[in-house]
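Each chain is listed here by its residues.
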Amino acid sequence: MEYPFELKDCALIAIATGEKAQTLRELRDRLTTTHQGCIYYHFWGGLLEARFDDPEFQNDFAAWAWRSLHDAPLAERLAIIDPKNYENMDALRRELIEVIEERLDESELLPWTRAGNQFRFIRSQVVVFDTKIRIHTIEELKEAIPRMSQGSVFYHFIDARRRTEKRGNDFSEWVVQLGEPYEALANQIRAIDPYFTSLSELKEELEKVIAGFKPREDA
């Protein structure tokens, strides 16, 4: 039975934890115990909250290693970590710690920064709003995408990874239930990279994929 797409919006609330790191070893130690929401925020939060420092780095850990520790090799290694490749935040946490420990083993000098440039751990909380918009067809979805807020794109494409069994996005999960003629479209949507991009670019790519799709008539 087909069900409508329930369009939601969201806001990402940043909560200060009081946890700080001044050295690379302190960062490693804090990462072992910090809330999962901190890992989520420092990897994904920049998509929904515009940040203008070091825009070439997708996550805050890499940006801090570059800007405050002046450790280019570490920044580059942290920058290429793709959070969507990890099953959950704890798996991502373990990868972060492993990269940092590898760097600590390589360096005789312990990188540190001034107190004003400490890494401050921020925890995220997602607040969800129901737009009351219900989408029943691909044509309706095509018309709705250009008007979607960045919060809607974030919720249905990024935050959905924490909610769906296959760690996918809500769009492809909804499209696939429309039947076999739309399986290819669902796969095309799944193939969109949600991390190394902006939410505006993500929305444009989604709009492009749906606009160019022709369902199989023989299915």
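Let me sum up the structure you'll find in this document. Once a new chain begins, its residue numbering starts again from 1 and follows that chain's sequence as written. Only residues with pLDDT of at least 70 get local features here, since the model is predicted, and only at 80 or more are side-chain atom pairs given and counted; chain-wide, interface and lining totals rely on the full set of residues. Calculation of side-chain values draws on the structure's entire complement of heavy atoms; hydrogens and water are dropped beforehand.

**A closer look at the side chain of Asp159**
Here a strand is any run of E in DSSP of at least two residues, a helix any run of H or I of at least four, and the numbering for each starts at the N terminus. Within the secondary structure, Asp159 is located in the loop between α7 (150-158) and α8 (170-176). N or O atoms closer than or at 3.5 Å make up a polar contact, with two conditions inside protein: a donor-capable atom paired with an acceptor-capable one, and, for residues adjacent in sequence, both atoms drawn from side chains. A distance of 2.8 Å separates a polar atom in the side chain of Asp159 from a polar atom in the side chain of Tyr40. Setting aside residues no more than four positions away along its own chain, Asp159 makes contact with Tyr40, Val126 and Phe154. Note on contacts: a residue pair is in contact if any heavy atoms of the two residues lie within 4.5 Å.

**Some thoughts on the environment of His156**
Along the chain, the position of His156 falls in helix α7. Relative accessibility decides the category of a residue: with a 1.4 Å probe and only protein chains considered, values under 20% of the type maximum give buried, values over 50% give exposed, and everything between is partly exposed. Classification of His156 as buried rests on a relative accessible area of 2%. Along the backbone, His156 and Ile100 are 56 residues apart, and their C-alpha atoms lie at a distance of 32 Å. Not counting the four nearest positions on each side in its chain, His156 is found in contact with Phe5, Glu6, Leu7, Lys8, Arg163, Asn169, Asp170 and Phe171.

**Quick word on helix α3 (residues 60-67)**
With 6 of 8 residues buried, α3 lies mostly within the body of the structure. Within the sequence span of α3, burial applies to Asp60, Phe61, Ala62, Ala63, Trp64 and Ala65. Packing partners of the buried residues in α3 comprise β1 (5-21), α1 (24-33), α2 (36-48), α4 (72-79), α5 (89-106) and β2 (119-135). Capping of α3 at its N-terminal end is provided by Asn59; its side-chain oxygen lies 3.1 Å from the backbone amide nitrogen of Phe61.

**A look at the packing of α1 against α5**
Packing of α1 against α5 brings their axes to within 10 Å, and their N-to-C directions diverge by 160°. Here α1 is positioned roughly antiparallel relative to α5, judged by the angle of their axes. The two elements α1 and α5 meet at a crossing, and its hand is left-handed. Here Leu24, Arg25, Leu27, Arg28, Leu31, Thr32 and Thr33 of α1 come into contact with α5, specifically with Arg93, Leu96, Ile97, Ile100, Glu101, Arg103 and Leu104. Classification convention: Asp, Glu, Lys, Arg as charged; Ala, Val, Leu, Ile, Met, Phe, Trp, Tyr, Cys, Pro as nonpolar; all other residues, Gly among them, as polar. Within the contact of α1 with α5, the residues separate by chemical class into 7 nonpolar, 2 polar and 5 charged. Comment: axis = line fitted to C-alpha atoms, over the contacting stretch for helices; angle = value between 0 and 180 degrees taken between N-to-C directions. Roughly parallel refers to an angle under 35 degrees, roughly antiparallel to one over 145, roughly perpendicular to one between 65 and 115, and oblique to any angle outside these ranges. Crossing handedness is read from the near helix: turned anticlockwise from the far helix by less than a right angle, it gives a left-handed crossing, and turned clockwise, a right-handed one.

**Focus on the pattern of salt bridges**
Any carboxyl oxygen of Asp or Glu within 4 Å of a side-chain nitrogen of Lys or Arg constitutes a salt bridge here. One pass over the full model with this rule turns up 14 salt bridges. Between Asp170 and Arg163 there is a salt bridge, with the nearest N and O atoms lying 2.9 Å from each other. One salt-bridge network, in which partners are shared between bridges, spans Asp71, Arg77, Glu102, Arg103 and Glu106.

**A short note on α7**
For α7, the buried fraction is high: 8 of the 9 residues fall into the buried class. Burial in α7 covers these residues: Gly151, Ser152, Val153, Phe154, Tyr155, His156, Phe157 and Ile158. Buried residues in α7 make contact with β1, α2, β2, α8, α9 (183-190) and α10 (199-211).

**Structural notes on unusual backbone geometry**
A positive phi angle is found at His70, which is not glycine, with a value near 55°. Here the phi dihedral of Lys132 falls at roughly 70°; this positive angle occurs in a residue that is not glycine. In this structure, Lys132 sits in strand β2.

**Brief notes about the environment of Lys208**
Relative to the assigned elements, Lys208 resides in helix α10. In sequence terms Lys208 and Lys142 are 66 residues apart; their C-alpha atoms lie 9.2 Å from each other.

Function cannot be inferred from these measures alone, as they are strictly geometric.
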